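What follows is the residue order along each chain.
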Amino acid sequence: MAPPSGFDANTPRDRARRILSGALAEAGVPSADLDARLLLCAALGLDHAGLLRDPGAPLGARGAQALERMAARRLAREPTSRILGAREFWGARFHLGPAALDPRPDTETLVEVVLDAVGAETGRAWRILDLGVGSGALLCALLASLPNAFGVGVDLAPAACAIADRNLAAQGLQGRGKLICADWAAPLEARSAARFDIIVSNPPYISRGDIARLEPEVRIYDPLLALDGGEDGLDAYRAVIPTAARLLAPEGFVALEIGQGQGKDVDALLRDASFSARNFRLDLGGVERIILAKFA
Ligand SMILES: C[S@@+](CC[C@H](N)C(=O)[O-])C[C@H]1O[C@@H](n2cnc3c(N)ncnc32)[C@H](O)[C@@H]1O
């Protein structure tokens, strides 16, 4: 798609924001106004306060060029987080790349559920396993919240592991996190001593037939490996749940993110794997999003 016309080096910042917001809204981009502001800030190297301070200042030649490039990408429905190369999750900044899912605010509910289950015991040396670590959002958020924990993150995509590694390092967590590039936990299962107190997973859970109907931001820019849950969306749960049952310490717990309407099926898979205690947590939109399971 062609970049929006109507701004150049002399265009005042506020007018450029309105032009861009209008063009994004017309192209069907959700949150057009917010995105226009974020892209303008990035193009000019300003924060929001800086933008507000001098709305009448001209973009300048470099600012106008940078904004034009970013606008063209957003009009092609590339998510703003990917254009900026980073996303905020659980109060920290995560580097993104094509191989890693853009972490979603709903997934923060999983962190909340785990911390509620941990209660006052935040200082314990928890052993954490994150199956399908992606950008490392969950693993980093849990390690940052549990200062004596040690975590292992697994992903089938080597490039996702590299991004998670970079995020662990950027957040000073590398000494407490290890990444394994593997098909779920196969290498850990080979080691009989490996046991975890907390196992988390936000696996791919979109039914294959629904992928073509997803918003372009997701369908085009999130990796297929992070989305595709097979014919009924449940393939990854069928692999992850028995693995988690084998690797969980007796008093431990599992927290899984689920897709809308998958609660009953995932609950049945957990029950079949001997998880006798199972509880749901709703997300910000009131949808059953997380299931916490224990052996008793
Ligand atoms: C929905 S993403 C979740 C990423 C991250 N945990 C988050 O919440 O943002 C699912 C992740 O599972 C990984 N994955 C898919 N199949 C896998 C497999 N067989 N073994 C290990 N990881 C897999 C994908 O590469 C992707 O990073």
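Rules used throughout
Residues numbered from 1 in each chain as written. Predicted model: local features only at pLDDT ≥ 70, side-chain atom pairs only at ≥ 80, totals over all residues. Heavy atoms only, no water. Helix = DSSP H or I, 4+ residues; strand = E, 2+ residues; numbered from the N terminus. Buried < 20%, exposed > 50% of the residue type's maximum accessible area, 1.4 Å probe, protein only. Contact = heavy atoms within 4.5 Å. Pairing = 2+ DSSP bridges. Axes fitted to C-alpha atoms, helices over the stretch in contact; angles between N-to-C directions. Core = buried A, V, L, I, M, F, W, Y, C linked by side-chain atoms within 4.5 Å. Disulfide = S-S within 2.5 Å.

Undergrad: Account for the environment of S135, naming residues and giving values.
TA: Tracing the chain through its elements places S135 in the loop between β3 (127–131) and α7 (137–145). Residue classification places S135 among the buried residues on the basis of a relative accessible area of 3%. Along the chain, S135 and R87 lie 48 residues apart, while their C-alpha atoms are 10.0 Å from each other. Setting aside residues up to four positions removed in sequence, S135 forms contacts with F94, H95, A100, L101, P103, I163, A164 and N167.

Undergrad: I'd like a rundown of unusual backbone geometry, residues and numbers included.
TA: For W90, which is not a glycine, the phi torsion comes out positive at approximately 50°. For W90, a relative accessible area of 30% translates into the label partly exposed. In this model, S274 sits at a positive phi of 75°, which is unusual for a non-glycine residue. Residue position: S274 is located in the loop between α13 (263–272) and β8 (277–282).

Undergrad: Outline the sheet that holds strand β4 (residues 150–155), supporting the account with residue identities and numerical values.
TA: Here we have 7 strands laid out as an open sheet, ordered β5-β4-β3-β6-β7-β9-β8, and mixed in their pairing. Whereas interior strands pair on both sides, the edge strands pair on one side only; in this sheet they are β5 (177–181) and β8. Put simply, the sheet's adjacent strands are angled 15° from each other on average, direction ignored. Helix α8 (residues 158–170) contacts β4 and β5 of the sheet and is inclined by roughly 170° relative to β5. Helix α12 (residues 235–247) contacts β3, β6 (196–201) and β7 (248–257) of the sheet and is inclined by roughly 160° relative to β7.

Undergrad: Hey, could you go over the nonpolar core for me, with residue numbers and the actual values?
TA: Counting residues in hydrophobic clusters, the biggest one holds 34 residues, and the most contacted among them are L129, L188, I199, L256, V266 and F275. Contributions of two or more residues to this core are made by β3, β4, β6, α12, β7, α13 and β9 (288–294). Sequence-distant contacts of L188, that is, excluding residues within four places in its chain, are made with L129, V152, V154, I180, A194, F196 and L247.

Undergrad: Describe the state of the cysteines, with residues and values.
TA: Under the defined criterion, the tally for this structure stands at 0 disulfides. Left without a disulfide partner, C140 is nearest to the cysteine sulfur of C161, which lies 12 Å away. Overall, the relative accessible area of 0% leaves C140 in the buried class. C161 takes part in no disulfide bond, and the closest cysteine sulfur, belonging to C181, lies 4.4 Å away. Judged by its relative accessible area of 9%, C161 falls in the buried class.

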